[in-house]
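Topology and contacts: notes
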Amino acid sequence: MKKIVVLSLALVMVIGMAGAATFAYLTDSETSSGNQLAAGTLDLKTNDADGVSRTLYAVNMSPGATVGPSTITLRNAGTADGATLDIVFSYAESDGSPNTADKTADETAAMMEVITLDYGGSSLLSSNISDVNVNGYKDVEDLKNSSLTGLSGIAALSTKDFVISVRLRSETGNDFQADGITMTMTFTLKQ
Amino acid sequence: MKPVWFLSLAAALGLALFSSLSVPVAAEEPPTVDLVLGGTGAVPWAIGNVVPGDSGISTVTLSNIGSQAGMVTIWISNISNTEGANPESETGNTAEPGELSAYLTLTASGANLSTVNFSLPATIDDFPHNASDTKHIYINYLPAGGTIDLDWEWRLPPATGNDVQGDILSFTINYMLEELPPLPTPTPTPTATPRPGGGGGYNPPEETPIQIPTSTPASTVIPAVTPAPTSTSTPSPASTSTPAPTATTTPISPEQLFDITVTLDDSVLEESSDLTVRTRFESFGTVPTWVDLTFIVLDESGQEVYRTQDGITVETEFNYWKEFSGLKLVPGYYVMVVNTLYNDNVSDEFRQDFSVQAKGSAFPWYYVVAALEVIGAAALVFFIIFIMMRRRNRRSRT
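Throughout what follows, the structure given in this document is the object of discussion. (Residues numbered from 1 in each chain as written. Chains lettered and ligands numbered in written order. Predicted model: local features only at pLDDT ≥ 70, side-chain atom pairs only at ≥ 80, totals over all residues. Heavy atoms only, no water.)

1. A look at the pattern of salt bridges
All names here are of chain A. Considering all chains together, one arrives at 12 salt bridges over all chains under this definition. Of the charged contacts, one joins K45 and D50 as a salt bridge, the two residues approaching to 2.4 Å between their closest N and O atoms. Residue classification places K45 among the buried residues on the basis of a relative accessible area of 18%. Of the charged contacts in the structure, one is a salt bridge between D86 and K190, with a shortest N-O distance of 2.9 Å. Of this pair, D86 sits in strand β5 (residues 84-93) while K190 is found in strand β10 (residues 181-190), placing the two residues 104 residues apart along the sequence. For D86, a relative accessible area of 10% gives the class buried. Residues joined in a network through salt bridges with shared partners are E113, R167, R169 and E171. (Salt bridge = Lys/Arg side-chain N within 4 Å of Asp/Glu carboxyl O. Buried < 20%, exposed > 50% of the residue type's maximum accessible area, 1.4 Å probe, protein only. Helix = DSSP H or I, 4+ residues; strand = E, 2+ residues; numbered from the N terminus.)

Quick look at the structure:
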């Protein structure tokens, strides 16, 4: 009787294996592993520090006085090339005291002629800045109202210098005594 | 006879009997499917410094060096997102994990490629992540000895922004070649069609080479299928109407000819949405051919209750699975009519009966039959063993 049980079990196993082998479809798998994609970085630094804005103080100036030239080194510390650079100028009133005849920031900026505005060794004054306020020269107010976009970019791990200097016009009158502005330049590097 | 001989004989008989009840297997060579990857896409991708707007293509060659045709299921696994360098300009989520897989899109293109429940291009996150995923991407036919080039195109959309700066994505692409289930024989018989040249079964041209005299200009157009006077599934080759060959002949092949077979995955359905029609094309032509497919469901009275139309391009062999996930039919008996039209004027019609059972009424007869087969086989072998043992006992008594 024991033999019959053993034989029956063996038979069931054989039939099961045969059935599984017959009903299972053949498969073969292959893998393509270790695929990796890494995103690049675009990291603009000014004078080798984080932050994309720099400030120029034009205060306590007398007629004919100059601020600058001030050089800001722009570095692309990322791995991807920056294709274009945008620069935006803004300013705020920064007056001294006493200030008997207070002039606005725009009025003060209009008296500050831009002497130097270089980027990457080329002047931007002639090609990128226009005399928006039509006062006969290119001043800080004109910088604010001009479009400085789409300038040449900075390759990965490369630098370009930005240089600026401004002069308070010699014909500036006494009404501007103690008036000053603080200029902010914001740089945006784009891929 | 010793028990070991009884056991061997019984096992052999059992195997032979069971095998005869299931799929016959060629005796000389065991069937195999063997997938081999090649091309640039088979080596690990190492793509760095990807920025929004970037894209690229990596081609993987899939070769079935086995003896059986199969279909290839593809999925992406082992997706790993790492937050890389965090430059000051990176915005959004700067903590682990990275976000690249949520933005990077992949698309695959190649012969016989299909997707189910998702469309390409898709982000890596949206791809199927295992073979049993509800989403599928597969190459529905890879013949034995055949090769298909699959182009993987990755793209980081321009609108991605700074969120992914420095992020690193790694993943594995899996390819599983699975033997295609054999088509039932005989294949469905095309019904009569009024149009000439119904292209059901055409003998490969090498058996009856079409020959034209060399004096015939090379640009002469010889119709691929000669219109037959009556509808038939076997078109006559053009050679029957060409002049007798001269001493020097040039064989030509019809450009667009198919063998077409249509089968239902299951003809007894619990839900009409389970209906799946498989249309298999085997091309003997030489050019990719556009085929219009019309699927019509007729009810018991012959009234049309559903119709849909698809179009596909067939280059060589192609299996087209049509699913009807949105189909709602009341329980009853139906006919699936599949019309194929290609080469402007070659049409075929195939009909297959099916039924939709009231819920709970569909009985799994297949399993009952299979179980009975197994039990029968076991009983037969058991009976043989019993007879042999009884004889042995008698002999030992005498």
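Still more to cover.
2. Describing the sheet that holds strand β4 (residues 66-76) of chain A
Residue and element names in this part refer to chain A. Strand order in this open sheet of five strands is β2-β4-β9-β6-β7, and the pairing throughout is antiparallel. Bordering the open sheet on either side are β2 (44-46) and β7 (122-123), each of which pairs with just one other strand. Pairing analysis gives two bridges linking strand β6 (residues 112-119) to β7, with the strands arranged antiparallel. Following the sheet pairing, Y119 is matched in β7 by S122. (Pairing = 2+ DSSP bridges.)

3. Considerations on a positive patch on the surface
Positive charge collects at one region of the surface, where R390, R391, R394, R395 and R397 of chain B lie side by side. On the accessibility criterion, R397 of chain B (67% relative accessible area) is exposed. (Patch = residues over 30% accessible without salt bridge, like charges linked within 9 Å, V, L, I, M, F, W, Y side chains within 5 Å. Areas by Shrake-Rupley, 256 points an atom, 1.4 Å probe, with all protein chains shown as cover. Lys, Arg positive; Asp, Glu negative; His and termini not counted. Charge placed at Lys NZ, Arg CZ, Asp CG, Glu CD.)

4. Brief notes about the nonpolar core
One finds F89, L117, F162 and I164 of chain A to be the most contacted residues of the largest nonpolar core, which totals 40 residues. Looking at this core, the element that brings in the most residues is β10 of chain A, giving five residues. Not counting the four nearest positions on each side in its chain, F89 of chain A is found in contact with L117, L143, K144, L148, F162, I164, M183, T184 and M185 of chain A. Residues L35, A122, I148 and L177 of chain B belong to the second largest nonpolar core, which totals 34 residues. (Core = buried A, V, L, I, M, F, W, Y, C linked by side-chain atoms within 4.5 Å. Contact = heavy atoms within 4.5 Å.)

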